[in-house]
Amino acid sequence: MTETTETPPVAPAKVPRATVPPRMGRGGRLPRGLTPWLFLAVPLALLITFTYVPVGNMIFYSFTDWDGVSPDRRFTGVDNYEQILTRPELFRVFFVSFYYLAASAVQIVIALYFATVLSFDLRFRNLFKGILFFPYLINGVAIGFVFLYFFQDGGTLDSVLSWFGAGSGHAWLGDPASANTSLAGVSVWRFTGLNFVLFLGAIQSIPAELYEAAQLDGATRRQQFRHIIAPSIRPVISLSVILAISGSLAVFEIPYIMTGGATGTTTFVIQTVKLAFQFNKTGLASAAAVLLLLIILLITWIQRRLVPDEKVDLV
């Protein structure tokens, strides 16, 4: 017989565990709570640098009489705010915003109507979607110059009206009423597409089963809008109202390009720009900008309190 010698089992060598630095997580990774802040570092730095720091400087300038050029900034307290609130010619320009507020209501109604109609299966609906949204893609300066020729004496509008036997030669931008109405109409044409896209996206997110159930119950299009579409897109409608109010108070581009604020079309923002860069009253202009910001925040807060967002469960 041959003798078999069994070798004793060899215990596996212990591999020393790698030491992890105290600041690193398992596997040499950063702690989980620190990773999101690394991704947010650059956006936060840009946000603070180009938003909050200028706003802070604007608030500081609103309490001075700085002219925007001189290194001297004399502290004047709330004198700039008193001038804006007590001088009628400075605060009266807010009434021009009512034209644009009415125009915003019109564009919301138009956008909601077309978004509802084009959400159903219709021929050429993609074409109509592009036509409605296209004006919002055009540069505001180009729109201003196009409609400046459109409303001028003997321009496009007068030529079209003459085809139907209407009198031409009306100065559409010559008096405050017709000028503000014309400018507000331009804003309707331009910004209806934005509200249309918001409403259309909200309507298309509604489950299709709700429409199928409504059709089985014999609901008409109007009943579907009343009981399905309107309650579902209520938060988007509320957002559009907030944007409409804030936008009507801060109108600048179209009236500045087309009239420069003449013939009673000066808005609050145009007046603020003139105070800062034409009359060198940067402190007073800063106070006007701060006041406009506070008014917008107040109106937004009131609107959110009166019409709170309520989650509607339709399923």
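Note that this is a predicted model, so its numbers are computed, not measured.

**Brief notes about the packing of aromatic side chains**
Okay, so step 1: For the structure on display, the rule yields 15 aromatic pairs.
Okay, so step 2: Aromatic pair Phe-133 and Tyr-136: ring centres 5.9 Å apart, planes at 45°, arrangement tilted. Placement of both Phe-133 and Tyr-136 in helix H5 (residues 125–137) is noted, with a separation of three residues, approximately one turn of the helix.
Okay, so step 3: Among the aromatic residues, ring-to-ring pairing joins Phe-147, Phe-150, Phe-151 and Trp-189 into one connected group.
Okay, so step 4: The cationic tip of Arg-73 hangs over the ring face of Trp-66; the distance from NZ or CZ to the ring centre is 4.6 Å.

**Section: the side chain of Ser-240**
Okay, so step 1: Secondary-structure assignment places Ser-240 in helix H11 (residues 234–249).
Okay, so step 2: On the basis of relative accessible area, Ser-240 is assigned to the buried category, the value being 1%.
Okay, so step 3: Discounting chain neighbours no more than four positions away, the residues touching Ser-240 are Ile-108, Asn-195, Leu-198 and Phe-199.

**Structural notes on the side chain of Thr-116**
Okay, so step 1: As for its placement among the helices and strands, Thr-116 is situated in helix H4 (residues 97–118).
Okay, so step 2: Reaching out from Thr-116, the side chain makes a polar contact with the backbone oxygen of Leu-112 at a distance of 2.8 Å.
Okay, so step 3: Setting aside residues no more than four positions away along its own chain, Thr-116 makes contact with Ile-203, Phe-225 and Ile-229.

**Some remarks on the packing of helix H1 (residues 35–61) against helix H14 (residues 282–306)**
Between two packed helices, what matters for the description is the angle formed by their axes and the separation of those axes.
Okay, so step 1: Running from amino to carboxyl end, H1 crosses H14 at an angle of 120°, the nearest separation of the two axes being 7 Å. Relative to H14, the element H1 lies oblique. Our pair here, H1 against H14, has a crossing hand that is left-handed. Facing Met-58, Ile-59 and Tyr-61 of H1, the residues of H14 in contact are Gly-283, Ser-286, Ala-289 and Val-290.
Okay, so step 2: Its residues assigned to classes, the contact of H1 with H14 shows five nonpolar, two polar and no charged.

**Section: unusual backbone geometry**
Okay, so step 1: The phi angle at Thr-263 is positive, at roughly 50°, despite the residue not being glycine.
Okay, so step 2: Phi at Asn-280 takes a positive value of approximately 55°, unusual for a residue other than glycine.
Okay, so step 3: Among the structural elements, Asn-280 can be located in the loop between helix H13 (268–277) and H14.
Okay, so step 4: The partly exposed category is assigned to Asn-280, whose relative accessible area is 42%.

Quick notes on the rules
Residues numbered from 1 in each chain as written. Predicted model: local features only at pLDDT ≥ 70, side-chain atom pairs only at ≥ 80, totals over all residues. Heavy atoms only, no water. Phe/Tyr/Trp six-rings, centres within 6.5 Å; stacked < 30°, edge-to-face > 60°. Helix = DSSP H or I, 4+ residues; strand = E, 2+ residues; numbered from the N terminus. Lys NZ or Arg CZ within 6 Å of the ring centre and 35° of its normal. Buried < 20%, exposed > 50% of the residue type's maximum accessible area, 1.4 Å probe, protein only. Contact = heavy atoms within 4.5 Å. Polar contact = N/O pair within 3.5 Å; in protein donor to acceptor, adjacent residues only side chain to side chain. Axes fitted to C-alpha atoms, helices over the stretch in contact; angles between N-to-C directions. Parallel < 35°, antiparallel > 145°, perpendicular 65-115°, else oblique. Left-handed = near helix turned anticlockwise from the far one by under 90°. Nonpolar A, V, L, I, M, F, W, Y, C, P; charged D, E, K, R; others polar.

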